[in-house]
Structures are given as structure tokens and as C-alpha cells.
Amino acid sequence: MSNSNTILIDGQEVPFEPGETVLAAAKKADVYIPHLCFHPEVTVHGSCKLCTVKINGRCVSSCLTKASSGMAVENSSEEILDLRKQLIELLFAEGNHYCPTCELSGNCQLQALAYEFGITHTRFPLQYPIREMDATHPDIILDRDRCINCSLCRRASAQVDKKDVFSLAGRGPETYLQVHSSDGTLGQSKLTVDDLAANICPVGALFHKKNNYSQRPGQRIYDNQSIGEVGNQRLER
Ligand code: SF4
Ligand code: SF4
Ligand code: FES
């Protein structure tokens, strides 16, 4: 690879392939850029903004920005870290997140990001949304209270599983995950437990019914390692 195909992330040289995004190049070089709505098997959505970096004085989403030779990327300046911290706090305020009772606790990327950023509370008013839970499927539960509207399940279902089970409906704070089936429930949908859509949720919104709480504290991904060290390990195979 020629030397010109490199970018600088916080001063560290990172190689890239032509056409590759800053986030993809960083991941290959084991440079951690936080992200929640990105997954390598589906198209980019660019909605969570956790992957924001600063390039040439502008804040941009690294999952949407193509790398170009000599590009200098700020990934861990105080400004960028504070922006990400605010975004994480907003996600906690917008949903109902009671981690100790959550199936995904210890494996959840939102919780892991809160630990990573030392977040102990949110500065934003809690919204306490009332959203419908769906436990009609024999194997899978949808708890919309914890949904961060990342659209990963929607994209996985449409693009990889070829079933198109989900869409995001409503606008702004009223946005919610809609299920496509005869009566709008998961139980009547085509979703099956092996679908990528049933295994891609970064939080505890869409998860399996069986084997609940089978991993004890201490055995879960982020119990002993930070998300900065191991990344979004559960999802990115
Ligand atoms: Fe906590 Fe994550 Fe569950 Fe929300 S989804 S309650 S952040 S563990
Ligand atoms: Fe994202 Fe999970 Fe909500 Fe689907 S259920 S949109 S994967 S948070
Ligand atoms: Fe880039 Fe979500 S990962 S906006």
C-alpha cells in the first residue's frame, strides 16, 4: 500500500483503501471510534452521531465520511468527547433504561458507552416514554422502551434476511419501531430467531426470550473489558 493512502487519527497514521470510510479504516487499525448505528453487514444509516469526529474544523460522522490522503481526524479532543457524552446522556433520557433489571446488562453497548465516558447521571430531563412492548413472538421480545431507533434491525431484516419485518414510524420524539405483520405484532411476523435482525440490537430492545440471564455478572462482555478495548464485540462477527 502506498504511503499516501493514510489518514492521521489523533496523530496516528492509519491506512485506508480507496473508497473506505474513516470509521472503517479506524476499525481495521484497531482505533476505537464509538458507534451505535453502524454494522458492517448493512448499509450506513448515520443517525446516532456517536461516531462524530472533527476534520478540517468540521464535525462529521466518520461512518459517512470517506477517508482521503493526509486527512487529519480529531477523535479524542475534549470537544468531541463532550459531544459524544451529551449524545449518550440524551439516549438515556429519551428511553426507560433500568440497567440492573435489563437482560442486556453487561452486554449492552449503550451501557458500555456510559461506563466508558464515566456517565453516572444524565443532565437532560427524563422523558419516561410510554411505548408498547411486544412479547407475542415465541422466541423474541421487543421492548420499545429501550429502543434507540438505530434502525439496525430494520436494515438487517430488509437487506440481509430479505424479510422487511421492521420500519421506523412517527417523527421526532414520537418515532417508534413498527412491525410489519397482519396485526402489527412480532408473533405474526416472519422474524425468526436466527435472523440477523433478531441478533443485531445494540441495546436490550430486541432480544431472545430463552436463556435469559444465563450469563452471570463477571462473564458478560463488558464486565471486565471496556467498549473502548473490545469494541461492539457481540454484534460484529
Ligand atoms: Fe441499560 Fe442497555 Fe438495558 Fe438500557 S438497554 S437498560 S442502557 S443495559
Ligand atoms: Fe435499533 Fe434495537 Fe431499536 Fe431495532 S430494536 S431500532 S436494533 S435499538
Ligand atoms: Fe455513524 Fe451512528 S455510527 S452515525
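The structure reproduced in this document is the subject of the present report. (Residues numbered from 1 in each chain as written. Chains lettered and ligands numbered in written order. Predicted model: local features only at pLDDT ≥ 70, side-chain atom pairs only at ≥ 80, totals over all residues. Heavy atoms only, no water.)

**With respect to the side chain of Ser 151**
Secondary-structure assignment places Ser 151 in the loop between strand S7 (140-143) and helix H4 (152-160). With residues up to four places along the chain from it excluded, the contact list for Ser 151 reads His 45 and Leu 168. (Helix = DSSP H or I, 4+ residues; strand = E, 2+ residues; numbered from the N terminus. Contact = heavy atoms within 4.5 Å.)

**Digging into the site of ligand 2**
The environment of ligand 2 is formed by 13 residues, the closest being Cys 147, Cys 150, Ser 151, Cys 153 and Cys 201. Looking at the shell around ligand 2, its residues break down into 11 nonpolar, two polar and no charged. (Near = heavy atom within 4 Å. Nonpolar A, V, L, I, M, F, W, Y, C, P; charged D, E, K, R; others polar.)

**Digging into the sheet that holds strand S10 (residues 206-208)**
If you walk across this open sheet you meet the three strands as S6-S7-S10, and the pairing is antiparallel. Both outer strands of the open sheet, strand S6 (133-134) and S10, are each paired with one neighbouring strand and no more. Both S7 and S10 contribute to a ladder of three bridges, which runs antiparallel. Residue pairing in the sheet places Ile 141 in a bridge with Phe 207 of S10. (Pairing = 2+ DSSP bridges.)

**Describing the environment of Ile 80**
Examined against the element boundaries, Ile 80 turns out to sit in helix H2 (residues 78-94). The spatial distance from the C-alpha of Ile 80 to the C-alpha of Leu 50 is 9.5 Å, given a sequence separation of 30 residues.

**Some remarks on the site of ligand 1**
Neighbouring ligand 1 are Phe 92, His 97, Tyr 98, Cys 99, Cys 102, Ser 105, Cys 108, Leu 110, Gln 111, Arg 146, Val 203 and Gly 204. Class assignment for the residues of the shell around ligand 1 results in seven nonpolar, four polar and one charged.

**A few points about the pattern of salt bridges**
Applying the stated criterion to the full structure yields eight salt bridges. Asp 195 serves as the salt-bridge partner of Lys 163, at 3.0 Å between the closest nitrogen and oxygen. One end of the pair, Lys 163, is in the loop between H4 and strand S8 (166-169); the other, Asp 195, is in the loop between strand S9 (176-179) and S10, and 32 residues separate them in sequence. Taking relative accessible area as the criterion, Lys 163 reaches 24% and is therefore assigned partly exposed. Taking the shortest distance from any N to any O, the salt bridge between Asp 223 and Arg 220 comes out at 2.9 Å. Within the structure, one salt-bridge network assembled from shared partners comprises Asp 82, Glu 89 and Arg 123. (Salt bridge = Lys/Arg side-chain N within 4 Å of Asp/Glu carboxyl O. Buried < 20%, exposed > 50% of the residue type's maximum accessible area, 1.4 Å probe, protein only.)

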